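# Coordinate inspection notes
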Amino acid sequence: MREFLEASASSTLRQYVLRNVARVSITLCMLVFISSVADRAFAQDGSGSAMPVILGQSLKPKESKVEPAPKAEVNKDEKTELKTRPIDTSIFKVVVEVAHPDELKVGESVDVSVVALGDEGSHSTGVLKNVRVHSVEKLPGTTDQVPPEESNGAATVIEHGHELPAIFPTRIVGLVVKGSEMEKIRLADAQGVLRISPHAHKEAGGMLSEIASNFVSNLFQPLLLFFFMGFAIPLLRVPFEFPKALYQSLTIYLLVAIGWHGGELMAELPSSELAVAGGLAAVGFIVNGIIGVSATWLLRVFTPMRRIDAVTVGSYYGSDSAGTFVTCLGILAALSIHHDSYMPVMLAVMEIPGCLVGLTLISRLRRSGMDKLGNMPDEPGYLGDANALLSDVSGHGDHAEADEDSQHGQPVAKSVGAATAGHKSGGLNLKIFHEVFLNPGLYMLFGGIIVGFISGLQAYHDPHVVEGPNNLFLTMFKGALCLFLLEMGITACQRLSDLKTAGIGFILFGVLAPVLFATFGMCCLHAYSLALGHHFEEGTYALFAVLCGAASYIAVPAVQRIAIPEASPTLPLAASLGLTFTWNVTLGIPIYIQIAKTIITTMPVAG
């Protein structure tokens, strides 16, 4: 009997629960239906709008479509941003005090100090100097109106001679800071209020004093100290050999890092800037082609070199140097001199003209009767037209070739260049073009640019996409560059011994030609700037000068081994590494920076 009652009670309870659940479900469905019908009705007659509810968002209604116009106008007037920033930098956005906010411009350099309250009033302490302004915007709901002068007291004067008001307006300012400076400015922001003032530039002396100042400041940079450290190893006969695998790894890393950050910053550029970069790439390609031909002519006129060696050295100077480029990047970053973000693309583009100039001129020499050792008819040791010799060899077989080699005592180069020497079309074939356009250096650089560009576009939606690669390619960049320059110093010193038989004219060419070519390149860049009415960064001039004034030691030697085996392998490397590279990274870059300042100041770009 008890079991029957318990079963009846449980059955009744179950039915009661099910019945109420059904009622609640029907009620909810009706509410949802009525709500949707009401929303559609409001949307149709314009008396209301449906507002989706998303978890984690405020229920505040969206702003009406009548207000965006004044909002856009405010953003245009009150917020401006710098389009690019140099490698190994970040943007630190913070509320700061500004002495004269109307004079604060994007792109200008400022000094940052922290203001803390003490027993004797406020105290200002310098934090960073020569920091570039990336963006400026007003704080919402603030005003720059200053109370009457009698209630403020007299204006104060800081140590740099800038008059400051007693009450400072505030701005939200984005500052371009290097990785080593980020923690310093964050700590200062936590200790007090940050204040910025115009950067106090040193009084300009003459050009020579400015060059001397730049040289002294660059001479003790860690980058150059590592280069001098490596340069001293062969001189002091230190039993040290830089690991080849490490050098190759550093080269790959630096090329990919340059490409990555350049592509990442290019993703932030508008289409108009990309068009300017494309035009500059065309200018750089033509300029380096002219430099390659000019270098060949200078060597023929002022040195007793063979024509084939003059052409080969000229092709080295018609290309560029990745090592000099990355060294210039490091020096510009140390001096807080900024450059346009697409310059890594120029490094890739301007490496090609020298290869093409060398191949074209060599093919002309072969058609003019060059022998199998690279001598021309009017040069000592001429053995006869290589075309005729190859025809004889093909007619008499391998034994005739072997006898002829033993007679002259020098082997015939077995390579693409030698094999194609007898063809009237010259030594150009698919294998050589593959080496020119798809050599490992260009591939790594272009690959890094493409990957960085695509990742930079993705970072607009998810900034974490580039967080890991930035830690690798930006944070470690300068340290890897120091080790790279250590190896370059060793190699440059070893190549100096090859200059003993080159002659004084060749040595003077290796030192003076870079300045001539770099100045010519900067003048062409400025002419392009004047024609467009477009301002290029000061660092862009310096990098373009380096690309014009440097000589290749990676891409062109690889092409030479394939296409020009008759040329001397030591003289071009002795000039490019022993002379030109050493000159550029010590005295050259400071001189190019000063020449760039003179060109920009003398002929300012209107617009």
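Note: the structure precedes this text.
Counting starts from 1 at the beginning of each chain's written sequence and moves along it residue by residue. A pLDDT threshold of at least 70 governs which residues receive local features in this predicted model, and a stricter bar of 80 or more applies before side-chain atom pairs are shown or counted, although totals over entire chains, interfaces and linings include all residues. By convention in this description, side-chain values take in all heavy atoms of the structure and omit both hydrogens and water.

## Some remarks on helix H22 (residues 555-563)
- When a residue's accessible area, from a 1.4 Å probe over protein chains only, is under 20% of the maximum for its type it is buried; when over 50% it is exposed; and in between it is partly exposed. Counting from the N terminus, the helices are DSSP H or I runs at least four residues long and the strands are E runs at least two residues long. With eight of nine residues buried, H22 is to be regarded as a mostly interior element.
- For H22, every residue scored as buried is listed here: Ala555, Val556, Pro557, Ala558, Val559, Gln560, Ile562 and Ala563.

## Looking at the packing of aromatic side chains
- Any pair of Phe, Tyr and Trp rings, taking the six-membered ring for Trp, is counted once the centres come within 6.5 Å. Such a pair is stacked with planes under 30 degrees apart, edge-to-face with planes over 60 apart, and tilted for the rest. Taken as a whole, this structure holds 11 aromatic pairs when the rule is applied.
- Taken together, a centroid distance of 6.0 Å and an interplanar angle of 65 degrees make the contact between Phe227 and Phe228 edge-to-face.
- Overall, Phe228 belongs to the partly exposed group, its relative accessible area being 29%.
- Ring centres of Tyr553 and Phe581 lie 6.3 Å apart, and the angle between their planes is 80 degrees; this geometry places the pair in the edge-to-face category. Within this pair, whereas Tyr553 is found in the loop between helix H21 (538-549) and H22, its partner Phe581 is found in helix H23 (residues 571-602), the two being separated by 28 residues in sequence. You'll find Tyr553 and Phe581 in the same group, each marked buried.

## Some details on the nonpolar core
- Residues Leu280, Tyr317, Phe477, Phe506 and Phe509 are the most contacted members of the largest nonpolar core, which totals 119 residues.
- At 16 residues, the largest contribution of residues to this core is made by H23.
- Contact criterion: two residues are considered in contact whenever any of their non-hydrogen atoms come within 4.5 Å of each other. When sequence neighbours within four positions are dropped, the list of residues in contact with Phe509 reads Ala295, Leu298, Leu299, Val313, Tyr317, Pro514 and Phe517.
- Among the buried residues, those of types Ala, Val, Leu, Ile, Met, Phe, Trp, Tyr and Cys that are joined through side-chain atoms within 4.5 Å form a nonpolar core. Among the nonpolar cores identified, the runner-up in size contains 21 residues, and Val136, Leu175, Ile185 and Leu194 belong to it.

## Re H21
- In this analysis, the expected span of each helix is defined as 1.5 Å times one less than the number of residues it contains. Relative to the 16 Å expected for 12 residues at 1.5 Å per residue, H21 spans 17 Å between its end C-alpha atoms, a close match to the ideal helical length.
- In terms of residue burial, H21 counts as a mostly covered element, since 11 of its 12 residues are buried.
- Of the residues making up H21, those classed as buried are Gly539, Thr540, Tyr541, Ala542, Leu543, Phe544, Ala545, Val546, Leu547, Cys548 and Gly549.
- Structurally, H21 contributes buried residues whose contacts are with helix H8 (271-302), helix H9 (307-317), helix H10 (322-334), helix H11 (343-349), helix H20 (504-532) and H23.

## Observations regarding the packing of H8 against H21
- Between H8 and H21, the shortest axis-to-axis distance is 10 Å and the interhelical angle comes to 35 degrees. The handedness of the crossing between H8 and H21 comes out as right-handed. Mapping the contact onto sequence places Leu280, Gly284, Val287, Asn288 and Ile291 in H8 and Phe544, Leu547 and Cys548 in H21.
- Class assignment for the residues of the contact of H8 with H21 results in six nonpolar, two polar and no charged. Lines fitted to C-alpha atoms define the axes, with helix axes restricted to the stretch in contact, and inter-axis angles between N-to-C directions lie between 0 and 180 degrees. Should the near helix be turned anticlockwise from the far one by less than a right angle, the crossing is left-handed, and should it be turned clockwise, the crossing is right-handed. For this scheme, ten residues count as nonpolar: Ala, Val, Leu, Ile, Met, Phe, Trp, Tyr, Cys and Pro. Four count as charged, namely Asp, Glu, Lys and Arg, and the remainder, Gly too, count as polar.

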